Amino acid sequence: MSNKIQSLSGYIHEYQKSVNQPEKFWARIAESFHWHKSWDSVLKWEPQGPHVKWFENAKLNITENIFERHLFTHGDKAAIIWEPNDPNEANKIISYRELFELTCQFSNAMKAQGIEKGDRVIIYMPMIPEAAIAMLACARIGAVHSVVFAGFSSSALADRIIDCEAKMVLTSDGNFRGAKNIPVKAVVDEALEKTTTVETVIVCKRTNADVQMVSGRDIWWHDAIKEESIEHAAESLDAEDLLFILYTSGSTGKPKGVVHTTGGYMVYTQYSFENVFQYAQNDVYWCTADIGWITGHSYIIYGPLLSGATTLMFEGVPTYPHPGRFWEIVDKYQVNQFYTAPTAIRALQAEGLEPLAPYKLDSLKVIGSVGEPINEEAWHWYHDHIGKGNCPLVDTWWQTETGGIMISALAGITPNKPAHASLPLPGIQPIIVDAEGNELKGNNVEGNLCVKFPWPSMLRTTYGDHKRFKETYFSAYPGMYFTGDGAKRDHDGYIRILGRVDDVINVSGHRMGTAEVENAINEHPRVIESAVVGFPHDIKGQGIYAYVICDAEGVTNETLINEIKNTVRKIIGPIAKPDAIQIVPGLPKTRSGKIMRRILRKVASKDISNLGDTSTLLNPEIVEQIIIGSQIK
Ligand code: WTA
């Protein structure tokens, strides 16, 4: 049964029902899934904990809802279309039945290696079908997957393995990314020197790179599945059993493990996928994200596969071997829904219109954007040149923590407005609040974005640290989920996301905590102190600007700057490398010793016209020196 909304009046009606009687609303949606046992209560919400449970005591397996539920009607339908990095290499088209068998076989292989329900499994893999199979096999046996983006460094990987006490790592011999062949197995080996919990590493052959296999620990994927059956009875899981942990950056400290559970996540990702993209059964859907991010989890794997959709998985990058690569793929597979990030749009826009010329793009029905605010210029370029002016453009606002799309147009159903995420999905109750937490009602208001009522795919905790969960999300405005974003409701009632209001920078749609980058910079032996801020960047949305106090005796600034960039690359990964580093004699501080980031942000943005009152600073003279330094840099 489909829960697809068909009209604007249908949306208004569903939205009202979802707010007036949320439990009744979600029970109705959930009933279209396959459960071994139904729930005792739809929602248990204790704001004090905070503790949230959806579909308490219900039993299910999410992969049965992907496979067994669909096999009668579309066993032969393509589940995954896989397009390799190199267009000259053969693609793969995997039907639902084949994907089911491969998932069962790998489930058996993991069990044979001692993985049990509840064990944590790290997936550090390229965008190949085995990565999807790995996630689904974990879900089938009840193991908790934690996918780590394969661009993270060995020390970032080690931190995550240690935090979740992973028992197994799934990886590949190497990754093809554009012209590069990245030796990821070596990264895993280096990470495992620092950890103690991993018993087995399963290595998928992809690049035929020469790798070192540690005897007794490492096993090839093809050997692990060789003797295994293609049948596997799914584990019956509790709706609130963990499905996965995904690490994401916050404004303080180390990345936190966002925890998602099985039942609510399943219901919401399927419901939101079908409605936002208005997927129809013969469509080909393509999301360009990496499975290392939440978008890859919810809208390459779970949402589409739960809907019986054909989901395209692309191994490569937008500009390899040529800047028309995305559009070539759209035409090749007649893609109907295309979902990407503003940073990719801006990078392709910068290539001009020539790369588009050979392609028709006439299969497209819906185009989407995610990960950061989309500026109006990029919105229009995307809408006019990719959507040819006649595809709805869904600007989808959501977060790792929300599990699924929260605020977005429903393609062709609710109105589009450039650069506006627009309206909440049914079941989602966003509000805008002032600094004191008062709800700003009506239109033409601007403030901080909160959500005042639970929704099924919300995070349940931060792994191993429930206190941090409460402090991060539920203490700024007690009883409400605080998103960390600022938002405006315009005169028509549409929501526009204004970006982060905390110390999180959104670089190319990837979240980086300023504290995390500072900690990495401070590892350099000559660094005394640092402060990191975001600044507007033409392609990336925001870039990373670091102010660093150094003991620079006997070395040039240029040498130091390069060394510091490499330190960050080594500790976190290339995505965290600062775009600009300014060596400074001091940092502007308040009398209580707090760094005045507001001033640093303005200098980095070259906006020094109104720095506000600096006389209360402990060291007001430093501001002038920093401004001069930024100009000669
Ligand atoms: C930002 C990605 C504006 C926002 C799914 C949020 C957006 C953070 C949009 C979450 C959008 C995401 N418009 N900003 N359509 N989508 N963001 O956890 O600041 O990687 O808080 O999840 O990205 O990033 P995350």
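Reading the values: the criteria
Residues numbered from 1 in each chain as written. Predicted model: local features only at pLDDT ≥ 70, side-chain atom pairs only at ≥ 80, totals over all residues. Heavy atoms only, no water. Helix = DSSP H or I, 4+ residues; strand = E, 2+ residues; numbered from the N terminus. Buried < 20%, exposed > 50% of the residue type's maximum accessible area, 1.4 Å probe, protein only. Contact = heavy atoms within 4.5 Å. Pairing = 2+ DSSP bridges. Right-handed = clockwise from strand over helix to strand, strands pointing away. Core = buried A, V, L, I, M, F, W, Y, C linked by side-chain atoms within 4.5 Å. Patch = residues over 30% accessible without salt bridge, like charges linked within 9 Å, V, L, I, M, F, W, Y side chains within 5 Å. Areas by Shrake-Rupley, 256 points an atom, 1.4 Å probe, with all protein chains shown as cover. Salt bridge = Lys/Arg side-chain N within 4 Å of Asp/Glu carboxyl O. Lys, Arg positive; Asp, Glu negative; His and termini not counted. Charge placed at Lys NZ, Arg CZ, Asp CG, Glu CD. Near = heavy atom within 4 Å. Polar contact = N/O pair within 3.5 Å; in protein donor to acceptor, adjacent residues only side chain to side chain. Nonpolar A, V, L, I, M, F, W, Y, C, P; charged D, E, K, R; others polar. Phe/Tyr/Trp six-rings, centres within 6.5 Å; stacked < 30°, edge-to-face > 60°. Axes fitted to C-alpha atoms, helices over the stretch in contact; angles between N-to-C directions. Parallel < 35°, antiparallel > 145°, perpendicular 65-115°, else oblique. Left-handed = near helix turned anticlockwise from the far one by under 90°. Domains from an automatic or database assignment. Buried area = accessible area lost by both parts, 1.4 Å probe. Disulfide = S-S within 2.5 Å.

**A short note on the overall build of the chain**
Along the backbone of the chain there are 19 helices and 29 strands. Each of the three principal axes of the chain carries a C-alpha extent, and together these read 75 × 60 × 55 Å. In the chain, which comprises 633 residues, the share counted as buried stands at 62%. At a minimum sequence separation of 6, the contacts of the chain that also span at least 24 residues come to 71%.

**Focus: the pairing of strand β29 (residues 580–583)**
The pairing of strand β28 (residues 541–550) with β29 spans 4 bridges and is classified as parallel. The residue bridging A546 from the neighbouring strand is I581, located in β29. In the classification by handedness, the crossover that spans β28, the intervening helix α17 (residues 557–571) and the parallel β29 is right-handed.

**So, the nonpolar core**
In this structure, W26, W35, F55, F106, L170, F277 and Y302 are the most contacted members of the largest nonpolar core, which totals 118 residues. No other element matches helix α6 (residues 129–141), which puts 10 residues into this core. If we skip the residues at most four places from it in the chain, F106 touches I133, A134, A137, L170, I202, W221 and I225. Counting 47 residues, the second largest nonpolar core, distinct from the first, contains Y124, A158, V211 and V527.

**Regarding the environment of Q212**
Examined against the element boundaries, Q212 turns out to sit in the loop between β11 (200–204) and β12 (218–220). In this structure Q212 comes out as exposed when scored by relative accessible area, which is 63%. Expressed as a C-alpha distance, the spacing of Q212 and I329, which sit 117 residues apart in the sequence, is 35 Å. Leaving out residues up to four positions away in the same chain, Q212 has contacts with K185, D189 and D218.

**So, a negative patch on the surface**
Residues D159, D163, E165 and D465 make up a contiguous surface patch of negative charge. With respect to the secondary-structure elements, D163 resides in helix α7 (residues 154–164). Here D163 falls in the partly exposed class, since its relative accessible area comes to 34%.

**A few points about the site of the ligand**
Around the ligand there are 17 residues in total, and D395, T396, T400, D485 and R500 lie nearest to it. Q399 has a polar side-chain atom sitting 2.9 Å from an oxygen atom of the ligand. Within the contact set of the ligand, an oxygen atom lies 2.5 Å away from a side-chain nitrogen or oxygen of D485. Bound to the protein, the ligand loses 96% of the 530 Å² it would expose on its own. Of the residues that constitute the shell around the ligand, the class distribution is 6 nonpolar, 6 polar and 5 charged.

**Re the packing of aromatic side chains**
We describe a pair of aromatic rings using the distance from one ring centre to the other and the angle between the two ring planes. This model, assessed by the stated rule, comprises 42 aromatic pairs. Between W286 and F326, the aromatic rings sit 5.1 Å apart at their centres with planes inclined by 75°, giving edge-to-face as the arrangement. Remark: F326 occurs in helix α12 (residues 325–333) and W286 occurs in strand β16 (residues 284–287); sequence separation between them is 40 residues. For the pair shown, W286 and F326 are each scored as buried.

**Let's talk about the pattern of salt bridges**
Counted under the stated rule, the structure contains 38 salt bridges. With its nearest N and O atoms 3.0 Å apart, the salt bridge here joins E83 to K332. Of this pair, E83 sits in strand β4 (residues 78–83) while K332 sits in helix α12, and the two are 249 residues apart along the sequence. On the basis of relative accessible area, E83 is assigned to the buried category, the value being 1%.

**Concerning the packing of α6 against helix α11 (residues 294–306)**
Direction vectors running N to C along α6 and α11 enclose 60°, while the axes themselves pass 12 Å from each other. As summarised for this structure, α6 and α11 are arranged oblique, according to the angle between their axes. Crossing geometry of α6 relative to α11 is assigned as right-handed. In contact with A132, M135, L136 and A139 of α6, α11 contributes H297, I301, Y302 and L305.

**Regarding the domain arrangement of the chain**
When the domains of the chain are assigned, the result is domain 1 (8–317 + 396–487) and domain 2 (508–632). Averaged C-alpha coordinates put domain 1 and domain 2 at centres separated by 34 Å. Taken together, the contact between domain 1 and domain 2 spans 19 residues of the former and 13 residues of the latter. For the pair domain 1 and domain 2, the two sides together bury roughly 1100 Å², of which 44% comes from carbon and sulfur. If you look at where domain 1 meets domain 2, you find 2 salt bridges. Across the salt bridge formed by E190 and K570, the nearest N and O atoms sit 3.3 Å from each other. Counting across the interface, domain 1 meets domain 2 through 10 residue pairs in polar contact (both at pLDDT 80 or more). Counted by class, the side of domain 1 that touches domain 2 contains 5 nonpolar, 11 polar and 3 charged residues.

**Observations regarding the sheet that holds strand β24 (residues 495–500)**
The 4 strands are arranged β21-β22-β23-β24 in an open sheet whose pairing can be described as antiparallel. Every interior strand has two partners, whereas the edge strands, β21 (430–433) and β24, have only one. Taking the axes of each pair of neighbouring strands and ignoring which way they run, one obtains an average angle of 45° across the sheet. As defined by bridge partners, strand β23 (residues 481–489) adjoins β24 across 5 bridges and the pair is classed as antiparallel. When the sheet's bridge partners are listed, A487 is paired in β24 with I497.

**Some remarks on the sheet that holds strand β5 (residues 92–95)**
Spatially, 7 strands are ordered β5-β4-β17-β16-β18-β19-β20 in an open sheet, and the strand pairing comes out mixed. Taken across any chain shown, the strands that pair with only one partner, and hence form the sheet edges, are β5 and β20 (393–396). Mean inter-strand twist for the sheet, computed between neighbouring axes without regard to direction, equals 20°. On top of the sheet, helix α5 (residues 96–112) reaches β4 and β5; it is set at about 85° to β5, its chief contact. Each of β4, β16, β17 (310–314), β18 (337–340) and β19 (366–370) touches α11; the most contacted strand, β16, lies at about 165° to it.

**Some points on the state of the cysteines**
Tallying each qualifying case throughout the model produces 0 disulfides. C138 supplies the cysteine sulfur nearest to C104, a cysteine that is in no disulfide, at a spacing of 14 Å. No disulfide involves C164; its sulfur sits 11 Å from the nearest other cysteine sulfur, which is in C138. Using a relative accessible area of 0% as the deciding quantity, one classes C164 as buried.

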